[in-house]
Amino acid sequence: MLNHECTNNNNNPDPVYLKVAIIEPILLACIDGSSFSEIDRCVQRVIPSSELVQREYIFYLSNSSFISYNGIEKKYFIEPSGLELLEVIYVQAERRIVEYNDLTLKIE
């Protein structure tokens, strides 16, 4: 299990677990900057998920500084910590300790 812990800015005592299968396409879409609809298309190609779920993931990834939103361009962009997270994801997936679809990110 990808046990990469992040501190959430909301002081929420309960951790949130996000599926890497949804996180990865979001981060990849944000490398060159993407609107929500572009992110949605990228995620849907990999794993079916609702718009609400994707917005929740974007919220947590943004709150944890893995991605940021540029209001002028109306696009999300990956942050340096998001690139580092992608590297951690790929290392964990390579090790095959856990099935890729079972990998999760714990955000506290």
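Residues numbered from 1 in each chain as written. Predicted model: local features only at pLDDT ≥ 70, side-chain atom pairs only at ≥ 80, totals over all residues. Heavy atoms only, no water.

A. Representation of the pattern of salt bridges in the model. Under the defined criterion, the tally for this structure stands at 2 salt bridges. Put simply, Glu108 and Lys106 hold a salt bridge, and the shortest N to O gap is 3.3 Å. Accessibility expressed as a relative area gives 15% for Lys106, which makes it buried. (Salt bridge = Lys/Arg side-chain N within 4 Å of Asp/Glu carboxyl O. Buried < 20%, exposed > 50% of the residue type's maximum accessible area, 1.4 Å probe, protein only.)

B. Region of the structure containing unusual backbone geometry. Phi at Ser65 takes a positive value of approximately 65 degrees, unusual for a residue other than glycine. Relative to the helices and strands, Ser65 resides in the loop between helix H3 (51-63) and strand E2 (67-70). Here Lys74, not a glycine, exhibits a phi torsion of approximately 60 degrees, which is positive. Relative to the assigned elements, Lys74 resides in the loop between E2 and strand E3 (75-78). Owing to a relative accessible area of 56%, Lys74 belongs among the exposed residues under this scheme. (Helix = DSSP H or I, 4+ residues; strand = E, 2+ residues; numbered from the N terminus.)

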